[in-house]
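Summary of the model geometry
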Amino acid sequence: MHPLSVSWVPHGLFRNAPYPVIYSLVIDSAPAQAGSSMGLVIGITTGLGGAVVSTAAGWVIDHWGWTATFGVLIAGPLLGLIPLLVIKDVVRRPGTAGNPEGTPA
């Protein structure tokens, strides 16, 4: 067994973790059109994702070999963590409308 193949285990365990969150965001953002919204999200992401990922994986394998795909699997989530370091959760308290610090006006 190749040592890099161990990275497939966490990928297999956690690859579907974002889907429930994405689906709830889609349904909450457009409750009246939940069915259409879900159809668009699933249809577009599945079709477009398959086309982009297979093309990108083929390019990576041609240029750097098949083991480099494991590095890409690691780099993707690491890049996805960058917004978590930048985005701050804003909690608004009653009586603080329009005041981003959350202190009473």
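Refer to the preceding data block for the structure.
Model, not experiment: these values are computed from the prediction.

**Describing a nonpolar patch on the surface**
Together, L79, I82, L85, V86 and I87 line one region of the surface with nonpolar side chains, adding up to about 580 Å² of accessible area. In this fold, V86 is placed in helix 5 (residues 82–86). Under the relative-accessibility criterion, V86 is labelled exposed at 58%.

**A closer look at the packing of aromatic side chains**
Evaluation of the coordinates by the stated rule reveals three aromatic pairs. Between W66 and F70, the aromatic rings sit 5.7 Å apart at their centres with planes inclined by 70°, giving edge-to-face as the arrangement. Residue W66 is classed as partly exposed on the basis of its relative accessible area, which comes to 46%.

**Topic: the environment of V72**
Turning to its location among the elements, V72 is positioned in helix 4 (residues 68–80). Using a relative accessible area of 46% as the deciding quantity, one classes V72 as partly exposed. It is 8.9 Å that separates the C-alpha atoms of V72 and A57, two residues lying 15 residues apart in sequence.

**Description of the side chain of T69**
If you trace the backbone, T69 turns up in helix 4. Exposure remark for T69: the relative accessible area of 18% places this residue in the buried category. The residues contacting T69, other than those within four sequence positions of it, are V60 and I61.

**Concerning the packing of helix 3 (residues 34–64) against helix 4**
Running from N to C, helix 3 and helix 4 cross one another at 130°; their axes reach a closest spacing of 9 Å. By the angle class used here, helix 3 and helix 4 are oblique. On helix 4, the residues touching V60, I61 and W64 of helix 3 are A68, T69 and V72. For the contact of helix 3 with helix 4, the per-class residue count stands at five nonpolar, one polar and no charged.

Rules used throughout
- Residues numbered from 1 in each chain as written.
- Predicted model: local features only at pLDDT ≥ 70, side-chain atom pairs only at ≥ 80, totals over all residues.
- Heavy atoms only, no water.
- Patch = residues over 30% accessible without salt bridge, like charges linked within 9 Å, V, L, I, M, F, W, Y side chains within 5 Å.
- Areas by Shrake-Rupley, 256 points an atom, 1.4 Å probe, with all protein chains shown as cover.
- Salt bridge = Lys/Arg side-chain N within 4 Å of Asp/Glu carboxyl O.
- Helix = DSSP H or I, 4+ residues; strand = E, 2+ residues; numbered from the N terminus.
- Buried < 20%, exposed > 50% of the residue type's maximum accessible area, 1.4 Å probe, protein only.
- Phe/Tyr/Trp six-rings, centres within 6.5 Å; stacked < 30°, edge-to-face > 60°.
- Contact = heavy atoms within 4.5 Å.
- Axes fitted to C-alpha atoms, helices over the stretch in contact; angles between N-to-C directions.
- Parallel < 35°, antiparallel > 145°, perpendicular 65-115°, else oblique.
- Nonpolar A, V, L, I, M, F, W, Y, C, P; charged D, E, K, R; others polar.

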